[in-house]
Amino acid sequence: MANHKSAAKKARRDAEARLRNRSNRSALKTAVKKFLAMVAEGNKTEASKLLPLTQGLVDKACRKGVMHKNAADRTKSRLALKVNNLA
């Protein structure tokens, strides 16, 4: 329990940010799973279509502070490699 007015406000803001971050993280994970399912099927055309959308969500998560910049870059690189390695 917060003892000061400012601490109570900070707790409220943190709770709201936590919900926003969870939503962004969940959307990102869903998109990545969908993309990886296409790669696992070997469906290069669908995976190629999903790649820019998925990378865009990774960038968005990075901008929102959900993900570190280097982690976002590494993720995007690995996604692109998966598409490029398909036959």
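What you see is a predicted model; the values in this text were computed from it and never measured.

Analysis parameters
Residues numbered from 1 in each chain as written. Predicted model: local features only at pLDDT ≥ 70, side-chain atom pairs only at ≥ 80, totals over all residues. Heavy atoms only, no water. Axes fitted to C-alpha atoms, helices over the stretch in contact; angles between N-to-C directions. Helix = DSSP H or I, 4+ residues; strand = E, 2+ residues; numbered from the N terminus. Parallel < 35°, antiparallel > 145°, perpendicular 65-115°, else oblique. Left-handed = near helix turned anticlockwise from the far one by under 90°. Contact = heavy atoms within 4.5 Å. Nonpolar A, V, L, I, M, F, W, Y, C, P; charged D, E, K, R; others polar. Expected span 1.5 Å × (residues − 1). Buried < 20%, exposed > 50% of the residue type's maximum accessible area, 1.4 Å probe, protein only. Arc of directions from axis to C-beta. Polar contact = N/O pair within 3.5 Å; in protein donor to acceptor, adjacent residues only side chain to side chain.

Chemist: I'd like a description of the packing of helix 1 (residues 5-41) against helix 2 (residues 44-63), backed by residues and values.
Modeler: As a packed pair, helix 1 and helix 2 sit with axes 9 Å apart at the nearest point and diverge in direction by 160°. Looking at the two axes, helix 1 sits roughly antiparallel to helix 2. The hand of the helix 1/helix 2 crossing is left-handed. Touching Ala-27, Leu-28, Ala-31, Val-32, Lys-34, Phe-35, Met-38 and Val-39 of helix 1 are Glu-46, Ala-47, Leu-50, Leu-51, Thr-54, Leu-57, Val-58 and Ala-61, all from helix 2. Class assignment for the residues of the contact of helix 1 with helix 2 results in 13 nonpolar, 1 polar and 2 charged.

Chemist: Account for helix 3 (residues 69-84), naming residues and giving values.
Modeler: Compared with an ideal rise of 1.5 Å per residue, which puts 16 residues at 22 Å, helix 3 spans 23 Å between its outermost C-alpha atoms and is within 8% of the ideal. Regarding helix 3, the residues found buried are Ala-71, Ala-72, Lys-76, Leu-79 and Val-83. Down the axis of helix 3, the sector holding all buried residues measures 135°, keeping them to one side. In helix 3, the exposed positions that point more than 90 degrees away from the buried face belong to Arg-78 and Asn-84. Buried residues in helix 3 make contact with helix 1 and helix 2.

Chemist: Can you tell me about the side chain of Lys-76, naming the residues and giving the values?
Modeler: Following the sequence through the fold, Lys-76 ends up in helix 3. The class for Lys-76 is buried, based on a relative accessible area of 19%. In contact with Lys-76, not counting residues within four places along its chain, are Gln-55, Val-58 and Asp-59.

Chemist: So, the environment of Ala-11: which residues are in play, and what are the values?
Modeler: Mapped onto the elements, Ala-11 comes out in helix 1. Residue Ala-11 is classed as partly exposed on the basis of its relative accessible area, which comes to 43%. Spatially, the C-alpha atom of Ala-11 lies 9.0 Å from that of Met-1, the residues being 10 residues apart in sequence.

Chemist: Explain the packing of helix 1 against helix 3 to me, and be specific about the residues and the numbers.
Modeler: Packing of helix 1 against helix 3 brings their axes to within 10 Å, and their N-to-C directions diverge by 25°. Between helix 1 and helix 3, the angle falls in the class roughly parallel. Read as a crossing pair, helix 1 and helix 3 show a hand that is left-handed. Here helix 1 contributes Phe-35, Leu-36 and Val-39 to the contact with helix 3, which in turn contributes Leu-79, Lys-82 and Val-83.

Chemist: Before we move on, can you summarise the side chain of Thr-54 with the specific residues and values?
Modeler: Along the chain, Thr-54 falls in helix 2. At 2.8 Å, the side chain of Thr-54 forms a polar contact with the backbone oxygen of Leu-50. With residues up to four places along the chain from it excluded, the contact list for Thr-54 reads Ala-31, Val-32, Phe-35 and Leu-79.

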